[in-house]
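What follows is each chain in one-letter form.
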Amino acid sequence: MQPIVEEFQNRKLTIYLPEGYYQSEERYAVVYLQDDGDLIDPKDSDVLRKSRELTATNQLPGLLFVAIESLDRNDEYTPFVSPNIFEPGSGKQFGGNASVYADFLANGLKPYIDSQYRTLQEREYTGIMGFSFGGLISVYTGLRYPDVFGRVGSFSGSFWFPGIVDWIEQLTIRDTGQRLYMNLGHAEGSGRTNGQQWMVPNSKRVYQYLLQNGFHEDSIRQVIYESNFHSFDLGVQYVPEALQWLFNEE
């Protein structure tokens, strides 16, 4: 089944409907994906095929994926204004507009998708996920809107970003039934001299804080795999497993 490409508020969306969508009246859980859906884009990986195979064998509920185009990921995926470490000396900054983008997702895009497609609208059927900065903004959005996004996936989320750990540790987090999946390579950023050297320790710190505040061992999972670098190809392999853990009833 070919995806549907449409536009919402001047932003391209790619909608991947579950198999059999038009042959039934069933409603489906939704996963909102950053970076134009790179985690499941068939040109980037076989995740979509594997996920549909899991659904076909009753190992995963049918899912409707919404891939969201980024207009400027360095601006809208970052929670705070900060010097752009990827272009030192340039004077360029990360824009810190994550709060605006998170509001767009929760209060603009989600109501639109719910009005256009047969969705299960409750938080336990609403996921958000991404890779790298996409993982960072997914966790940030999930923690800002826990009553909207009940299933959160962060793949090599950029928790090295300045200020994000302090922001999380200042939150009062209540147990809403959210589930959060995090993964990263065991030595990501270890050879860096910029802020990315904090990737692993910050990620572990976030996990431990959330485990002790509002989450528990059945609702947060951190998977650390063997990798010395920030690898999309390695991180994305865990998406089907993460979807099963996030969405399967236990």
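Use the structure listed above.
Residues numbered from 1 in each chain as written. Predicted model: local features only at pLDDT ≥ 70, side-chain atom pairs only at ≥ 80, totals over all residues. Heavy atoms only, no water.

Trainee: Mind laying out empty space enclosed by the protein, listing which residues take part and the relevant values?
Mentor: In this approach the atoms are scanned with a rolling probe the size of a water molecule, which exposes any empty space left behind. For the structure shown, the criterion picks out 2 cavities of 30 Å³ or more. Empty space within the largest cavity amounts to approximately 40 Å³. Ranked by the residues each element gives to the lining of the largest cavity, the list is headed by strand 9 (residues 179-185), at 3 residues. Of the residues contributing to the lining of the largest cavity, the split by class is 3 nonpolar, 6 polar and no charged. (1 Å grid on protein atoms, 1.4 Å probe; cavity = no way out; pocket = protein on both sides within 12 Å on 5 of 7 lines; lining within 4 Å. Points joined across faces, edges and corners; volume = space filled by probe spheres on them. Helix = DSSP H or I, 4+ residues; strand = E, 2+ residues; numbered from the N terminus. Nonpolar A, V, L, I, M, F, W, Y, C, P; charged D, E, K, R; others polar.)

Trainee: Describe the layout of surface pockets, naming the residues involved and giving the relevant values.
Mentor: As a volume, the largest pocket reaches approximately 170 Å³. Lining the largest pocket are 13 residues; nearest its centre among them are Glu 26, Ala 29, Pro 61, Gly 62 and Leu 120. When the residues that make up the lining of the largest pocket are grouped by side-chain class, the tally is 6 nonpolar, 2 polar and 5 charged.

Trainee: Tell me what's going on with the environment of Gly 195, and back it up with residues and numbers.
Mentor: Here Gly 195 shows up in the loop between strand 9 and helix 6 (199-212). Judged by its relative accessible area of 24%, Gly 195 is partly exposed. Note: C-alpha distance between Gly 195 and Pro 162 (33 residues apart in sequence) is 7.6 Å. Gly 195 has contacts with Ile 85 and Trp 160, leaving out every residue within four places of it along the chain. (Buried < 20%, exposed > 50% of the residue type's maximum accessible area, 1.4 Å probe, protein only. Contact = heavy atoms within 4.5 Å.)

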